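Residue-level structural notes
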Amino acid sequence: MKKQSIYKFFYLVAALLVLGFLIRFGVDVFLYDTYLTSAPLYLFALVRAFAFLLPAALVFLVGLLLKKKLK
């Protein structure tokens, strides 16, 4: 991989993490049952956000910093 395009890899990883969040939270919504689950749905969203969106934001920021450094 070229040194000048390494930031694109970070963008791709961030996009995949966002896609993973959307898919996994979609499954959570589909399987959510108000009678059997004691946790509210927004708690599932928070847990998935910390698991997927926070790392995606960090990886995206690293990609931005690398892009600015290499140009």
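What comes next is a walk through the structure. Everything quoted here is computed from the prediction, not taken from an experiment.

Secondary structure assignment for the protein yields two helices and zero strands. Computed over its C-alpha atoms, the radius of gyration of the protein comes to 16 Å, more than 25% above the 11 Å expected for a compact globule of 71 residues. The C-alpha extent of the protein, read off along each of the three principal axes, is 55 × 15 × 10 Å. Expressed as a percentage of its 71 residues, the buried residues of the protein come to 11%. Long-range pairs, those at least 24 residues apart, make up 72% of the contacts in the protein between residues at least 6 apart in sequence. Accessible area of the protein: about 5500 Å², with a carbon and sulfur share of 75%.

In this section: a positive patch on the surface. On the surface, Lys2, Lys8, Lys67 and Lys71 cluster together into a positively charged patch. Structurally, the position occupied by Lys8 is in helix 1 (residues 6-31).

The full count for this structure, using the stated rule, is two salt bridges. Linking Asp28 and Arg24 is a salt bridge whose minimum nitrogen-to-oxygen distance equals 3.5 Å. With Asp28 and Arg24 both in helix 1 and four residues apart, the pair spans about one turn of that helix. For Asp28, the salt bridge goes to Arg48, with nearest N and O atoms at 2.7 Å. One end of the pair, Asp28, is in helix 1; the other, Arg48, is in helix 2 (residues 41-70), with 20 residues separating them in the sequence. Considered together, Asp28 and Arg48 belong to a single accessibility category, that of buried residues. Connected through salt bridges with shared partners, the residues Arg24, Asp28 and Arg48 form a single ionic network.

This part is about helix 1. The end-to-end C-alpha distance of helix 1 is 38 Å, a good match for the 38 Å that 26 residues give at a rise of 1.5 Å each. Here helix 1 has its buried residues at Tyr7, Ala14, Phe21 and Asp28. Buried residues along helix 1 sit against helix 2.

Another point: helix 2. The terminal C-alpha atoms of helix 2, which comprises 30 residues, lie 42 Å apart, in line with the 44 Å expected from a rise of 1.5 Å per residue. By the largest-angle criterion, Ala49 marks the main kink of helix 2, which is about 40°. Every buried residue belonging to helix 2 is among Arg48, Ala56, Val59 and Gly63, and all of these are buried. Those residues of helix 2 that are buried lie in contact with helix 1.

Definitions and cut-offs
Residues numbered from 1 in each chain as written. Predicted model: local features only at pLDDT ≥ 70, side-chain atom pairs only at ≥ 80, totals over all residues. Heavy atoms only, no water. Helix = DSSP H or I, 4+ residues; strand = E, 2+ residues; numbered from the N terminus. Rg over C-alpha atoms; globule rule 2.2 N^0.38 Å. Buried < 20%, exposed > 50% of the residue type's maximum accessible area, 1.4 Å probe, protein only. Contact = heavy atoms within 4.5 Å. Areas by Shrake-Rupley, 256 points an atom, 1.4 Å probe, with all protein chains shown as cover. Patch = residues over 30% accessible without salt bridge, like charges linked within 9 Å, V, L, I, M, F, W, Y side chains within 5 Å. Salt bridge = Lys/Arg side-chain N within 4 Å of Asp/Glu carboxyl O. Lys, Arg positive; Asp, Glu negative; His and termini not counted. Charge placed at Lys NZ, Arg CZ, Asp CG, Glu CD. Expected span 1.5 Å × (residues − 1). Bend = angle between axes of the 7 residues up to and from the residue.

Functional significance is not addressed by these values, which are geometric in nature.
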